[in-house]
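Geometric and topological summary
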Amino acid sequence: MTVVRGIISRAVISNRKPSDSELDTEDERGSRVSGEEPKRNETSATTTDEPPPATVDALLASIRSFAAEVVVLHCVEDGRQRPTFATDVSPVPDGARSDDTPAVDVSCVTAEPPVARPIPLEAIESVRPIPDRAAVTAALPPDTHARATILRGLADHAPALVDVAVVLSVLDRDPSAHPAALVAALDCLARLARDRPDDCLAAVPRVGTLVSRTTGAETGTETIGADTTGRDEIRTGALAAFAALAATCPEHVTPHVSSVFPALDAPGPVDASAAVACVAHVAGDDPTAVVDCADDLAGFLDGDDADGRKHATYAIGRIAAVDPGAVRPMVGRLVSVVDDPTAPQVTRLNATCAVGRVAREWPDAVVDHVPTFVAVLDADTAGVGIRANAAGVVGDVAVTHVVDVRRHVDALVAAVDDEDGVVRANATTAVARVAREFPDALVDAVDRLVGCLDDEESLVRENACWTLGYLREDARVARSELDRLRVDDASQRVRDRACWAVDEVTGGDGERAGD
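Residues numbered from 1 in each chain as written. Predicted model: local features only at pLDDT ≥ 70, side-chain atom pairs only at ≥ 80, totals over all residues. Heavy atoms only, no water.

1. Overview of the overall build of the chain
The condition that has to hold: Helix numbers and strand numbers start at the N terminus; a helix is a DSSP run of H or I with at least 4 residues, a strand a run of E with at least 2. Each residue gets one of three labels from its accessible area relative to the maximum for its type: buried under 20%, exposed over 50%, partly exposed in between, using a 1.4 Å probe on protein chains only. Accessible surface area values rest on a Shrake-Rupley calculation with a 1.4 Å probe, where residue burial reflects the displayed protein chains alone.
Each helix and strand in the chain was counted, giving 23 helices and five strands. Counting the 515 residues in the chain, one finds 53% classified as buried. Surface accessibility of the chain: about 22,000 Å² in total, with carbon and sulfur atoms responsible for 46%.

2. Structural notes on helix H6 (residues 203-215)
Put simply, the rule reads: Expected helix span is computed as 1.5 Å times (number of residues minus one). By definition in these notes, contact holds between two residues if any of their heavy atoms fall within 4.5 Å.
Its 13 residues place the ends of H6 18 Å apart at the C-alpha level, agreeing with the 18 Å of an ideal helix rising 1.5 Å per residue. With 10 of 13 residues buried, H6 lies mostly within the body of the structure. When we look at burial in H6, the residues that qualify are Ala203, Val204, Val207, Gly208, Leu210, Val211, Ser212, Arg213, Thr214 and Thr215. For H6, the elements touching its buried residues are helix H4 (164-171), helix H5 (179-195), helix H7 (231-248) and helix H8 (250-253). One or two positions beyond H6, positive phi appears at Gly216, with a value near 90°.

3. Overview of the environment of Val71
Position of Val71 among the secondary structure elements: in strand E1 (residues 70-77). The exposure class of Val71 is buried, given its relative accessible area of 1%. Here the alpha-carbon distance between Val71 and Thr87, two residues 16 residues apart in the chain, equals 6.8 Å. Other than its neighbours up to four places away in sequence, Val71 contacts Ile63, Phe66, Thr84, Phe85, Ala86, Val127, Arg128, Pro129 and Ile130.

4. Points about the pattern of salt bridges
Basically, it comes down to this: Salt bridges are identified by distance alone: a Lys or Arg side-chain nitrogen within 4 Å of an Asp or Glu carboxyl oxygen.
The tally for this structure, following the rule as stated, stands at 28 salt bridges. A salt bridge links Asp302 to Arg333, with the shortest nitrogen-to-oxygen separation between them at 2.6 Å. With Asp302 in the loop between helix H10 (294-298) and helix H11 (306-322) and Arg333 in helix H13 (residues 331-338), the pair connects residues that are 31 residues apart, well separated along the chain. For Arg333, a relative accessible area of 33% gives the class partly exposed. Here the residues in one salt-bridge network are Arg231, Asp232, Arg235 and Asp271, joined through shared partners.

5. With respect to the packing of aromatic side chains
Any two aromatic rings considered together are summarised by their centre-to-centre distance and by the angle between their planes. Cut-off, in case you're wondering: Stacked, tilted and edge-to-face are the three classes applied to pairs of Phe, Tyr and Trp rings, where Trp contributes its six-membered ring and a pair requires centres within 6.5 Å; stacked means planes under 30 degrees apart, edge-to-face means over 60, and tilted covers the rest. Consider the ring centre and the ring normal. A charge sits over the ring if Lys NZ or Arg CZ is within 6 Å of that centre and within 35 degrees of that normal.
Counted under the stated rule, the structure contains three aromatic pairs. Each ring, one from Trp466 and one from Trp500, has its centre 5.1 Å from the other, and the planes form 50°; the classification is tilted. A residue pair is termed long-range when its members are at least 10 positions apart, and Trp466 in helix H21 (residues 458-471) and Trp500 in helix H23 (residues 492-505) qualify at 34 residues. The rings of Trp466, Tyr470 and Trp500 are connected pair by pair, giving a single aromatic cluster. One Lys or Arg, Arg497, reaches over the ring of Trp466 and ends 3.8 Å from the middle of that ring.

6. Here we look at the confidence of the model for the chain
Keep this limit in mind: Known as pLDDT, the predictor's per-residue confidence is scaled from 0 to 100.
Per-chain confidence: the chain averages 85 in pLDDT, with 84% of residues scoring 70 or above. Under a pLDDT of 50 for its full length, residues 8-46 has, in the predicted model, 91 contacts with residues more than four places off or in other chains. For residues 510-515, every residue scores under 50 in pLDDT, and the model assigns this stretch 12 contacts once sequence neighbours within four places are set aside.

Right under this line is the structure:
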């Protein structure tokens, strides 16, 4: 059976808001912080602030001169100076304010989604460019939560400017004392994992420990109990970060993946979805590491979480590749996914892949579901990969249950004309296995099988030779084409099988063309 492998989405699992990788360039409305490569300055941590601008135009001109992705505006609000990390500064549109006080619209990295808010020009004491990580660290406020929140925003807008070491230092804080900061730091890691996976590797053990302490995988005095303020939010953040890390560096998450298993049964859909995504990413790299949670994954097959169902079917398919016995009990539920025309194509593909791997080892576990897979071969709602795997499943069942497959021979013969080569190869495999035991079932298909001898797929041509040979004298009309293949085909396997088929259709007593 030629198998079309399952597919997994590699999207980062987090609560991040999508944003463009580059910001708009300067326009007539004002100065947008440039999306160009920021100027690097190793001494930027001690860069002096620009003096307060006298006019809005002067402020915008100053920002344009920095050519940095992010600037810091030191503003005085409610009598306190606060740093505002901005990605976009532009004039307030005419009529947007009730007074004539000069002001600018500032998009702050900590706003989710990043919406512009007006800041009076007189409140801005200074402006500083942020060309590198050292400048970011120097400009961060001392409050742990505020620091983590700013870094989380920068991870979206300028991930290269985030010092991961600062993020890790937040993870080392006491969760009960800084729960909100911890959540922000975890979300920051989830966003950074996509753009800077290598820099995030040091976070894997820390995040794994937090997952264990909040899911119950680890017991003892270090467990973060339900009575800890923010425990649920920390668990959600840790699972999302772990899923994001698993998507980009699964081999580093693998040693810790068992810590997420308890969350597969979590009552909260967000936690369970992140947990199954993490398991799926690890399964793609090392399915043996997640075999023990196969039963828990089966619970997603009947659920309403589309992403969870997709990730679960992928992980189950990967498990079936190394331990099909662990998947055998859930074949019926997987077939229900295959038979669901409303399910996403990728999910149905993953399910057919999982069933196919079971069918190869235990055809008897799948034989009762052959009608479902035969129906898929001609279904408008089934994509190419689904049809290919469905034909492969039927072919595997035919090895030991050919009687059950024989009754569907017309549908299999029709599938040899499929537009996809893998579908045709798997369908002709099933047809050949039927012909071996019941050649009379294929007599009416000789012309179609002769046409398969010209197929561009060598496996289709080889299977057609097998089938025609099994039909013996009933396929004598194919002799000339078989003679051509035994001499001219590019594949040695096809030439050998055509040579055999010529002997079979002539009863072994006819001269071969070219002899």
